[in-house]
Each structure stands twice: as C-alpha cells, then as structure tokens.
Amino acid sequence: MGPWLFLAAAIALEVTGTFLLKLSNGFERWHWGMLSIFCYSACFWMLAPAMKYLPVGIVYAIWAGVVIVAAAVLGTFFFQERLGAVQLLFIAMILVGAVGLKLTSNA
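Everything numeric in this text was worked out from a predicted model, so none of it was measured. (Residues numbered from 1 in each chain as written. Predicted model: local features only at pLDDT ≥ 70, side-chain atom pairs only at ≥ 80, totals over all residues. Heavy atoms only, no water.)

(A) Structural detail: the state of the cysteines. Under the definition given, this model contains zero disulfides. Of all cysteine sulfurs, the one in cysteine 43 lies closest to cysteine 39, which takes part in no disulfide; the gap is 9.1 Å. Look at cysteine 39 and you get buried, because its relative accessible area is 8%. The exposure class of cysteine 43 is buried, given its relative accessible area of 0%. (Disulfide = S-S within 2.5 Å. Buried < 20%, exposed > 50% of the residue type's maximum accessible area, 1.4 Å probe, protein only.)

(B) Expanded view of helix 1 (residues 3-23). The end-to-end C-alpha distance of helix 1 is 30 Å, a good match for the 30 Å that 21 residues give at a rise of 1.5 Å each. When helix 1 is considered as a whole, its buried residues turn out to be Phe6, Leu7, Ala10, Ile11, Glu14, Val15, Gly17 and Leu20. Buried residues along helix 1 sit in contact with helix 2 (30-53) and helix 3 (56-78). Of the residues one or two after helix 1, asparagine 25 is the one with positive phi, at around 55 degrees. (Helix = DSSP H or I, 4+ residues; strand = E, 2+ residues; numbered from the N terminus. Expected span 1.5 Å × (residues − 1). Contact = heavy atoms within 4.5 Å.)

(C) The arrangement of the packing of helix 2 against helix 3 in detail. With their axes 9 Å apart at the nearest point, helix 2 and helix 3 run at an angle of 145 degrees to one another. Relative to helix 3, the crossing made by helix 2 is right-handed. Touching Cys43, Phe44, Leu47, Ala50 and Met51 of helix 2 are Val56, Val59 and Trp63, all from helix 3. The class makeup of the residues in the contact of helix 2 with helix 3 is eight nonpolar, no polar and no charged. (Axes fitted to C-alpha atoms, helices over the stretch in contact; angles between N-to-C directions. Left-handed = near helix turned anticlockwise from the far one by under 90°. Nonpolar A, V, L, I, M, F, W, Y, C, P; charged D, E, K, R; others polar.)

See the structure below:
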C-alpha cells in the first residue's frame, strides 16, 4: 500500500471515529465510544507509514484539512448542524489548501 493510500485510510478512520464519538453522546452510549477509540487508534497505525515516506507537514495538513471538511459535511447531513455562509467559505478554503498540497507534492 502506497503512502497516499495509508493517508486516505487514516483520514477515513479519523472521520469514522469522530462520527462514532458524536454518536456516543459524551460516552453515555459507551459502545459507540469504544468503537471511536478503536478507530482513532487504527487511524494512527495508518498515519505512521504515510509519514515514513511523505513530509510530516504535508501529511498532517492534508489529514487535518480533509477531516475538518468531512466532519462538517457529516455534521450537516447526519446531525442537522447548520453552518453559515462565512463558515462554509472558510471550510472550502481548508479543502482547497489540502488539495493544493496534494497536487504540489513530489512524493
């Protein structure tokens, strides 16, 4: 598995963990909370090999940026959380930055 696939897997696991953490309702529903801890742990197991081959700043910026965007989208569609126009603009800027980093990365 290449470093970009490891990064994609880490992003998917982080987003899943965040979604499950929200479902846990502050760990009141402990089974969702335990699943979120598992996803977060697995996320770091996937993130580590990506950092072996890609610059840490690029990996972390893409990972964090895409997770922020995905969390906002999940919050909107699954939890009826609303974002204002300015908030959406800034989230879009984060996504543009993450894509730009990927497109300009040599690895």
